[in-house]
Amino acid sequence: MSAPSKTDRMKAPGSIAMVSGRLQPDAKYKIIVENLSFSYGDVQALFDISMKIRQNRVTALIGPSGCGKSTFLRTLNRMNETIPGTSMSGAVRLDSRDIYRDFDDPSVIRTRVGMVFQKSNPFPKSLFDNIAYGLRVNGIKDKQLIAQVVEHSLKQAALWDEVKDNLDNSAFMLSGGQQQRLCIARALAIQPEVILMDEPASALDPISTAKIEDLIGELRKQYTIVIVTHNMQQAARVSDHTGFFYEGRLIEYGPTKQIFTRPAKKKTEDYVTGRFG
């Protein structure tokens, strides 16, 4: 008997909130990175990075500008492939499968590993169509199902109560913080297993930032989240594990409390205490 399609899984009663939980409850790691190096042409940006990212946890990546955090983040869903002249060695495993060698189509990985960018990038469409876009691209045509997923995704992103009466309005009518939550809802609609966030609150005011951080806390119950942030206080607030990058190398990685209070490396201590960066 063949495995059910994504559409079939979404049609199953009560499956919308649970479809991302594909691993067994005792699974320990969602992503395993092994000896990863990456270059833009002749310029090497990442050097021999290994990291195990736990399922249903928030992992923060910190470090000074230009240290390789965002480049590393984009290797986790093959986004760097869109840049000409790049090269990579090593492995990135999602549920034990190498995302570069075991999948011919990178869009399959980008469906399972969603991305939220630093600057909110809503489509020039209505709120409803922004969320429905990914579903339609994936071949889902059931209007009732699409409406259910749009509502569910907006609720997950803590935006439904603010926009439910204006779903036909342009996404550009929203505030910056609302647009970012809309983009998170759009990523959630295709029901990924992992969410990558690249400085998701850096352009937002403190109130909107707090909403995004609260949202991350809720989403960790269903998703594995990896977040790049320059804000060390934010990393300390939202993450379970933290990796400190410097000059393309992973200097230290461990439980967030340990990284910020008892770092093993002098360079990590200097960075988190503000001596440089």
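About the cut-offs
Residues numbered from 1 in each chain as written. Predicted model: local features only at pLDDT ≥ 70, side-chain atom pairs only at ≥ 80, totals over all residues. Heavy atoms only, no water. Helix = DSSP H or I, 4+ residues; strand = E, 2+ residues; numbered from the N terminus. Expected span 1.5 Å × (residues − 1). Buried < 20%, exposed > 50% of the residue type's maximum accessible area, 1.4 Å probe, protein only. Arc of directions from axis to C-beta. Polar contact = N/O pair within 3.5 Å; in protein donor to acceptor, adjacent residues only side chain to side chain. Axes fitted to C-alpha atoms, helices over the stretch in contact; angles between N-to-C directions. Parallel < 35°, antiparallel > 145°, perpendicular 65-115°, else oblique. Left-handed = near helix turned anticlockwise from the far one by under 90°. Contact = heavy atoms within 4.5 Å. Nonpolar A, V, L, I, M, F, W, Y, C, P; charged D, E, K, R; others polar. Salt bridge = Lys/Arg side-chain N within 4 Å of Asp/Glu carboxyl O. Pairing = 2+ DSSP bridges. 1 Å grid on protein atoms, 1.4 Å probe; cavity = no way out; pocket = protein on both sides within 12 Å on 5 of 7 lines; lining within 4 Å. Points joined across faces, edges and corners; volume = space filled by probe spheres on them.

S.K.: Quick one: what's the story with helix H8 (residues 206-219), residue by residue and with numbers?
M.R.: For an α-helix, 3.6 residues make a turn, and residues three or four places apart therefore share a direction. The terminal C-alpha atoms of H8 lie 20 Å apart, and with 14 residues this matches the ideal 20 Å at 1.5 Å per residue to within 8%. Considered for burial, the residues of H8 that qualify are Ser 208, Thr 209, Ile 212, Glu 213, Leu 215, Ile 216 and Leu 219. Mapping the buried residues of H8 onto a view down its axis gives an arc of 160°, with all of them on the same face. Away from the buried face of H8 by more than 90 degrees, exposed residues Pro 206, Ile 207 and Asp 214 are located. Measuring from the backbone nitrogen of Ile 207 back to the side-chain oxygen at the start of H8 gives 3.0 Å, which picks out Asp 205 as the cap.

S.K.: How would you sum up the packing of helix H4 (residues 127-137) against helix H7 (residues 176-189)? Please name residues and give values.
M.R.: For any two helices packed against each other, the geometry is given by the interaxial angle and the distance between the axes. One can describe the packing of H4 onto H7 by two numbers: an axis separation of 7 Å at closest approach and a directional angle of 30°. With respect to H7, the axis of H4 lies roughly parallel. Handedness of the H4/H7 crossing: right-handed. Contacts from Leu 127, Asn 130, Ile 131 and Leu 135 of H4 reach H7 at Leu 182, Ala 185, Arg 186 and Ala 189. A breakdown of the residues in the contact of H4 with H7 according to their chemical character gives six nonpolar, one polar and one charged.

S.K.: So what's going on with the environment of Tyr 271? Residues and values would help.
M.R.: Here Tyr 271 is to be found in helix H11 (residues 266-272). Exposure remark for Tyr 271: the relative accessible area of 3% places this residue in the buried category. When the C-alpha atoms of Tyr 271 and Tyr 246 are compared, they prove to be 9.6 Å apart, with 25 residues separating the residues in sequence.

S.K.: Residue-level account of the pattern of salt bridges, with values.
M.R.: Overall, the coordinates contain 15 salt bridges when judged by the stated rule. Taking the shortest distance from any N to any O, the salt bridge between Asp 98 and Arg 101 comes out at 2.7 Å. Note on Arg 101: relative accessible area 56%, which makes it exposed. Three or more residues joined by partner-sharing salt bridges are found here, namely Lys 30, Asp 95, Arg 112 and Glu 193.

S.K.: Help me get a handle on the pairing of strand E3 (residues 58-62), residues and values and all.
M.R.: Burial analysis of E3 places five of its five residues in the buried class, which makes it a mostly covered element. Across the two faces of E3 the burial is the same, with Val 58, Ala 60 and Ile 62 and Thr 59 and Leu 61 all buried. Bridging between E3 and strand E9 (residues 241-246) involves four bridges; their strand directions are parallel. What sits directly across from Ala 60, in E9, is Thr 242.

S.K.: Pulling in residues and values, what's your account of the sheet that holds strand E6 (residues 113-116)?
M.R.: Pairing in this open sheet of six strands is mixed, and the strands run E6-E7-E8-E3-E9-E10 from one edge to the other. Of all strands in the sheet, those bounded by a partner on one side alone are E6 and strand E10 (249-255). Taken over all neighbouring pairs, the strand axes of this sheet differ in orientation by 15° on average, direction set aside. The sheet contacts of H7 involve E6 and strand E7 (194-198), and relative to E6 the element is tilted by about 170°.

S.K.: Could you give me a rundown of the layout of surface pockets, with the residues and numbers involved?
M.R.: The gaps of empty space that remain are located by a probe, the size of a water molecule, rolled over the atoms. Reported here for the largest pocket is a volume of approximately 540 Å³. If you go around the largest pocket, you meet 19 residues; those closest to its centre are Arg 110, Phe 123, Tyr 133, Arg 186 and Ile 190. Mapped onto the lining of the largest pocket, the elements with two or more residues apiece are helix H3 (106-112), E6, H4 and H7. Counting residues per element, the lining of the largest pocket draws most heavily on E6, which supplies four residues. A class-by-class count of the residues in the lining of the largest pocket yields 11 nonpolar, six polar and two charged.

S.K.: How would you summarise the environment of Arg 275 if you had to cite specific residues and measurements?
M.R.: Within the secondary structure, Arg 275 is located in the segment after H11. Residue classification places Arg 275 among the exposed positions, given a relative accessible area of 54%. Excluding residues that lie within four positions of it along the chain, Arg 275 makes contacts with Lys 266, Glu 269 and Asp 270.

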